[in-house]
Amino acid sequence: MVPLRRRLAATVLGFGGVAVTACLLAPLVGSTRISLIRALDRSAPFADNLDAQIFFVARLPRTLAAALVGAALASAGVVLQALLRNPLASPFTLGVSAGAALGAMLAITCAGTWAVSGVSVVPLAAFAGSLGAVAIVYALATVKRRGLSTEVLLLAGVTLNAFFSALILFVQYFADASQTLRTVRWLMGDLDVGGYGPVLAALPMVLLAAAGVALLPRSLNLLSLGTEAAAARGVNVLGAQRLAFLSASVATGAAVSLGGPVGFVGIIVPHLVRLLVGADHRLVLPAAALFGAAFLVGCDVVARVALAPLELPVGIVTAILGGPFFVWLLVRQR
Amino acid sequence: MPEPPVRGSGFGVRGSGFGVPAMNLAARARGVLLAALLVSGAAACRGAAPARSDPAAGLPVEAPARIVSLVPAATEMLFAVGAGPQVVGVSSFDAWPPEVATRARVGALLDPDVERILALRPQLVVIYDTQEELRQQLSRAGIASYGFRHGGLAEVWSTVRDLGRRSGHAPAAGTLARDLAARIEAVSSRVAGRPRPRTLLVFGRDPAALRSVHASGGTGFLHEVLDAAGGENVLADVARESVAVTTELLLARAPAHIVEVRPGAPIGPDAAAGLRDAWRVLPAIPAVRDGRISVLVGDEFVIPGPRLVVAVDRLARALHPDAF
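Remember, it's a predicted structure, so these values are computed and weren't measured experimentally.

Caption draft 1: Quick peek at the pattern of salt bridges. Evaluation of the coordinates by the stated rule reveals 23 salt bridges over all chains. Ionic pairing is found between arginine 62 of chain A and aspartate 192 of chain A, a salt bridge with its closest N-O pair at 3.8 Å. With arginine 62 of chain A in helix 3 (residues 50–83) and aspartate 192 of chain A in the loop between helix 7 (177–187) and helix 8 (197–214), the pair connects residues that are 130 residues apart, well separated along the chain. What makes arginine 62 of chain A buried here is its relative accessible area of 3%. A residue is classified by how much of its surface remains accessible, and aspartate 192 of chain A, at 7% relative accessible area, is buried. Glutamate 300 of chain B is the salt-bridge partner of arginine 314 of chain B, the closest N and O atoms lying 2.7 Å from each other. Highlighted residues: arginine 314 of chain B in helix 11 (residues 308–319) and glutamate 300 of chain B in the loop between strand 11 (293–297) and helix 11, separated in sequence by 14 residues. Summarising the burial analysis for this pair, arginine 314 of chain B and glutamate 300 of chain B share the class buried.

This is how it looks when you write it as structure tokens:
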């Protein structure tokens, strides 16, 4: 048996290599042909250097956004699948994305059309909505007993998803067509962030969540066996469950407010990675974060070039790639 | 005699007393645009759209005394050809001419109120061409319908003529269609020969940021309005009415002039300046660098009706201020 330390090094090097390669190659590809040499040429002023502008203003921020969103969603998926002991769990299972969607939709529908400032209120409202959903689900799951019931967590999340979806449809019914269109477009996911500001705004939240997730691998391994088994081996079950739930939720909220509810990354990537590195969360978590980043960066490239100069919403690409995979997974598990 | 939609030399229609509160109007007109886009999209999806209701078949022997219109552009056309007094019901989005404020509201594209339409005892109902169910319901009730199809300027003129024929005002409609086409031609010839600025025509985006920017592609009435006003559409090669423009596409197409059109009541200079300021994050675009960003507000940019003449004139003045 290869020692864990070496397997971890190999995993991080391998998946890290894939992620870094994807992030380096992605900005070179797009609907416009640009030259990297000209883009990096410092002799011409930036304002006159179209290649540099396309590289640094249009492509690099969205590549970084894709990497951040992909990593956050994939790790949140791993954590929630372990916490809920359910292979079908995803970052969106517990109502976080529905809360974010409700927030985003209210911002799109109700916020003044003539809001004038540098920042769009949509991502802020989405993040607030996701936190609200997390609070409700958490309160429901802890209300009756001292522990955190994963069954109640799951049911509360699914119910909240349905409830928020109904609220969204209710408001949509009275919204005008352009607001409806923008909401629908938001729901498909969009990584064209148009600058570094939105990425930098989401980064602290993702890092906070990553710090929480970094403490979890050993506990998740034991929690996968069941709470009693975990407790018998010295895991602070309630503390680990809380940390897992909150880290996954913050990661999901930040990712969704940055790029919209991009589907399937949070559910495919964990399973793909487990096929490759096994079930040990000490390997699965870093591998999923790195591979999630690479996967979404790759999907975004497909979204940008498949119909250029038109662009596919990235959520469509991930779902078209992810749907068949997911079905295969379901069938295989029977 | 009903008021012509565009009075005299008549580019002063803005602000002359809409019958509904301005806020509603803005929201409604945006809806109209999107509804129109949705309709054209739906028609395209179905592949071969059914032929427009044949004007000859089912033509009432006498002119219909009671007409219901679910299409704001068609309502404007009916009033413009002199059929205004026959119009008894309009859509929830209608705001022009001011007389529509006194007409019954009967829903719109997605929520036509069939009961209310029938209760108005119309002899002709103007519906969207894609409202197949409504067409069948009306036909079962023995009521003639006219299917409105969204398109470019030629489609607008032919719809004016069709509606004139169907409402019993064929001569007036013929005159109006010729007159409108001639007035657009007059603007075109006024700016002809001048350099045509490469223009991006934006009709929607997030309010405070350059996200989900939607602009006119190379088909549809907005593209033709831009063309007639002496602008070169930077997205002319994209054969779609609506293009979701990415940051990369904005930079790569490098428009020399950006025009943002918005439905609704006129906005103050501060709001317009705020809209222009949002573009500062992309200073490399020639239009941004040189300060050539125009904000044009008015329903004439979203309703493909007789007021397109106003749209062409305002756009031409924005692109070629020296020509006027």
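Caption draft 2: Layout of unusual backbone geometry. Residues and elements named next belong to chain B. At the junction of tryptophan 96 and proline 97, the peptide bond is cis and its omega measures out at -5° in the coordinates. Among the structural elements, proline 97 can be located in the loop between strand 2 (87–90) and strand 3 (104–105). Even without being glycine, serine 212 reaches a positive phi, approximately 40°. A positive phi is found at alanine 254, a non-glycine position, where the angle reads about 45°. By the element assignment, alanine 254 lies in the loop between helix 8 (247–253) and strand 10 (257–262). For alanine 254, a relative accessible area of 26% puts it in the partly exposed group.

Caption draft 3: Spotlight on the packing of helix 5 (residues 121–142) of chain A against helix 6 (residues 150–174) of chain A. All names here are of chain A. Interhelical geometry of helix 5 versus helix 6 gives an angle of 140° and a closest axis separation of 9 Å. With respect to their mutual orientation, helix 5 and helix 6 come out oblique. Crossing handedness for the pair helix 5 and helix 6: right-handed. Within the contact between the two elements, helix 5 uses Ala133, Ile136, Val137, Leu140 and Ala141 and helix 6 uses Val152, Leu153, Ala156, Gly157, Leu160 and Phe164. Its residues placed into classes, the contact of helix 5 with helix 6 shows 10 nonpolar, 1 polar and no charged.

Analysis parameters
- Residues numbered from 1 in each chain as written.
- Chains lettered and ligands numbered in written order.
- Predicted model: local features only at pLDDT ≥ 70, side-chain atom pairs only at ≥ 80, totals over all residues.
- Heavy atoms only, no water.
- Salt bridge = Lys/Arg side-chain N within 4 Å of Asp/Glu carboxyl O.
- Helix = DSSP H or I, 4+ residues; strand = E, 2+ residues; numbered from the N terminus.
- Buried < 20%, exposed > 50% of the residue type's maximum accessible area, 1.4 Å probe, protein only.
- Axes fitted to C-alpha atoms, helices over the stretch in contact; angles between N-to-C directions.
- Parallel < 35°, antiparallel > 145°, perpendicular 65-115°, else oblique.
- Left-handed = near helix turned anticlockwise from the far one by under 90°.
- Contact = heavy atoms within 4.5 Å.
- Nonpolar A, V, L, I, M, F, W, Y, C, P; charged D, E, K, R; others polar.

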